[in-house]
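Take a look at the letters that make up each chain.
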Amino acid sequence: MKIVDVLLYGLLTVGVIVWWMRPLPNRHLILIIIASAAILLGLFGMLNDRWQAVATALFGVALLLPIVLAAIFGTTAQTDVPYLSGSAYAVFAVVAGSLLYFFPMTNLPTPSGPFIVGMRTFELTDQSRKGLFGVGKDDPRRLLIRVWYPAEKTGGRKPAPYFNAVEAKTTARGLSDIVGLGFLETYRRYAKTNSYIDAPIVSEEKTRPTVFFSHGAFGRLGQNTVLMEELASHGYIIYSVQHTGEAVGTVFPNGDVISWDPSVKLVMKTSKEGRGDYKDAIAKAIGSDSLDERLAGQIDWISRRQNDKERLFTSEEFWVQDRLFVHDTLQKGEAPTEVMDVIARSDFERTGQIGMSYGGMVTSSICAFDKRCVAGISLDGVALQSSIFAHEMPQAFMIFYADHDSYYKASLEKGFKYKGLKEKHWLHDFSYESFETSGQRQDIHRIELSKVAHAGFTDAALFTRRPVRDRSLGTAPTDVMLGAQNDFVRGFFDTYLRGEKVEFPQSQLDKYSEYTERRDTSHIREWWLSKSEEERADIHNQIEAIKN
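Conventions we followed
Residues numbered from 1 in each chain as written. Predicted model: local features only at pLDDT ≥ 70, side-chain atom pairs only at ≥ 80, totals over all residues. Heavy atoms only, no water. Axes fitted to C-alpha atoms, helices over the stretch in contact; angles between N-to-C directions. Helix = DSSP H or I, 4+ residues; strand = E, 2+ residues; numbered from the N terminus. Parallel < 35°, antiparallel > 145°, perpendicular 65-115°, else oblique. Left-handed = near helix turned anticlockwise from the far one by under 90°. Contact = heavy atoms within 4.5 Å. Nonpolar A, V, L, I, M, F, W, Y, C, P; charged D, E, K, R; others polar. Expected span 1.5 Å × (residues − 1). Buried < 20%, exposed > 50% of the residue type's maximum accessible area, 1.4 Å probe, protein only. Salt bridge = Lys/Arg side-chain N within 4 Å of Asp/Glu carboxyl O. Polar contact = N/O pair within 3.5 Å; in protein donor to acceptor, adjacent residues only side chain to side chain. Phe/Tyr/Trp six-rings, centres within 6.5 Å; stacked < 30°, edge-to-face > 60°. Lys NZ or Arg CZ within 6 Å of the ring centre and 35° of its normal.

Caption draft 1: Representation of the packing of helix H3 (residues 54-73) against helix H4 (residues 83-102). For the pair H3 and H4, interaxial distance at closest approach is 8 Å and the crossing angle is 160 degrees. When the axes of H3 and H4 are compared, the pair comes out roughly antiparallel. Classified by chirality, the crossing of H4 by H3 is left-handed. Between H3 and H4, the contacting residues are Ala55, Thr56, Leu58, Phe59, Ala62, Leu63 and Pro66 on the first element and Tyr89, Phe92, Ala93, Ala96, Leu99 and Leu100 on the second. Classifying every residue of the contact of H3 with H4 by side-chain character gives 12 nonpolar, 1 polar and no charged.

Structure representation (structure tokens):
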């Protein structure tokens with residue numbers, strides 16, 4: 001809790017107490033001082049991105065108003081107990097205090113590793129691709145990169161804020177702008193990270209395990225800073241790519257700002273998938289107890305998205321190109337001088353790849369063919385691209401799902417009907433493995449994190465308390481939401497990227513036994529093996545049709 005919040009809570013509390021104390025000497029003067037302070041401090045907070053303080057300012061106005069009116073009209077001071085007005089002010093103070101409580105200004109948790117975390121942000125420009133996502137037709141593809149790495153000393157630096165002042169006016173406004181509430185996340189600028197800008201990388205002369213990350217659709221490169229810091233504190237180097245135009249406002253090191261593509265709002269409203277045109281295919285794909293019907297529904301769903309060239313289908317190609325361009329460029333050592341020491345210590349031949357939501361889908365596409373990916377993770381990414389459908393992933397891969405009960409509930413609210421559904425079905429069951437081997441590989445991990453919604457796979461749980469956050473983020477405790485991600489992701493990379501024996505995933509499953517479930521897809525293999533040669537050939541031809 002920040003000092004300003006303590007002061008605001010104090011003013012609300014003392015204001016209510018003094019209002020009830022009518023016999024108190026100089027009561028009006030004390031109330032005037034309290035009200036004035038509440039107004040001034042509330043306005044200061046509002047003007048400095050602490051929008052929650054507006055209610056405290058209004059409380060101050062409400063406290064001051066009857067005193068002013070009494071002075072104007074010469075009303076005689078009352079001495080009886082103010083049950084009605086006092087109760088009203090108490091309720092007002094509780095509401096104002098609730099805004100401060102449910103949307104707290106809090107710092108990021110300290111990572112568990114032995115290293116200090118260094119962080120740098122830089123730009124790479126792809127001159128071969130121009131005019132993408134709302135920029136001028138001759139403007140090259142500009143990408144913002146942030147790297148976290150193990151550092152050995154801070155050099156007197158202070159931890160970086162979650163958003164700097166410019167990002168608070170651009171990046172932080174993000175998706176909230178769509179509903180006209182762009183200020184909702186700006187207060188996160190007051191959160192302190194554990195990252196020290198430009199801190200020197202550890203001096204050991206060896207390369208470090210290296211990971212690439214992509215955010216979700218219309219997200220930002222720092223949306224999973226807690227996870228990035230956790231990995232870096234254990235010796236990893238992590239490069240996060242902001243996919244300009246389909247991310248929130250991108251602030252480049254030279255001060256340039258590129259907002260998201262102006263067509264995004266229109267696309268979100270006019271998308272066939274968003275309108276529900278694929279509702280029948282979706283209901284069949286995840287709502288049928290018949291594997292044949294579910295397979296047919298998924299093939300139909302993918303085929304329609306391809307034929308209709310839906311934005312969330314066509315954009316994947318450009319995001320994949322972004323990630324490959326960044327990887328290739330860094331591997332060639334073509335980067336700003338100020339990050340060359342970090343690049344020199346990065347292992348670009350054997351990398352971990354990870355993404356959240358849309359970034360998870362992009363990550364799985366990259367790992368399907370790029371041999372430099374030796375371990376890949378999708379944080380609740382939708383597996384709706386043909387490249388990984390019935391595809392044997394060539395490396396270890398983990399799909400970390402959000403709670404499927406919440407997914408089905410949200411789908412039902414959108415009008416999907418799942419009549420007679422006997423058990424919940426995972427959308428990803430037909431992906432990441434061939435049907436012949438499904439459920440047999442020990443290095444393909446499918447883990448569900450229950451009581452955590454899709455957006456819970458970000459840092460958001462730190463900045464919104466229950467029950468306000470329950471619907472959008474889930475009901476699991478914050479230390480479970482963030483801790484499980486840290487532990488499962490690090491355990492996976494420690495095992496498959498570093499080659500360490502850390503009892504993954506059993507130790508993590510035991511630690512979070514109340515909230516995790518391991519998904520077994522052996523039933524896919526059994527279903528496949530029960531088919532005749534003719535039936536298998538027919539299914540194979542249908543899948544090949546959506547891959548060509």
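Picking up where we left off.
Caption draft 2: Representation of helix H2 (residues 27-47). For H2, which comprises 21 residues, the first-to-last C-alpha distance of 30 Å matches the rise-based estimate of 30 Å (1.5 Å per residue) to within 8%. Taken together, the buried positions of H2 are Arg27, Leu31, Ile34, Ala35, Ala38, Ile39, Leu41, Gly42 and Gly45. Structurally, H2 contributes buried residues whose contacts are with helix H1 (3-20) and H3. Of the residues one or two after H2, Asp49 is the one with positive phi, at around 70 degrees.

Caption draft 3: Geometry of the pattern of salt bridges. Taken as a whole and judged by the stated rule, the model has 29 salt bridges. One salt bridge connects Arg129 with Asp126, and the closest N-O pair in it is separated by 2.8 Å. Judged by its relative accessible area of 11%, Arg129 falls in the buried class. Among the salt bridges present, the one from Arg294 reaches Asp429, with a minimum N-O distance of 3.2 Å. On the criterion of sequence distance, the pair formed by Arg294 in helix H10 (residues 291-308) and Asp429 in the loop between helix H14 (404-413) and strand S11 (444-449) is long-range, its members being 135 residues apart. In this structure Asp429 comes out as buried when scored by relative accessible area, which is 2%. The network of salt bridges with shared partners includes Asp126, Arg129, Arg141 and Asp322.

Caption draft 4: Representation of the side chain of Gln242. Here Gln242 shows up in strand S5 (residues 237-242). A polar contact is formed between the side chain of Gln242 and the backbone oxygen of Val248, at a distance of 3.3 Å. Once residues within four sequence positions are removed from consideration, Gln242 is found in contact with Leu143, Leu144, His215, Arg220, Leu221, Ala247, Val248, Gly249 and Thr250.

Caption draft 5: Layout of the packing of aromatic side chains. Tallied over the full model, the rule gives 32 aromatic pairs. Between Phe430 and Trp527, the ring centres sit 5.9 Å apart and the planes meet at 65 degrees, which makes this aromatic pair edge-to-face. Separated by 97 residues along the polypeptide, Phe430 in the loop between H14 and S11 and Trp527 in helix H18 (residues 522-529) bring together distant segments of the chain. As far as burial versus exposure is concerned, Phe430 and Trp527 are alike and both buried. When the ring centre of Tyr236 is taken as reference, the NZ or CZ atom of Arg498 above it lies at 4.3 Å.

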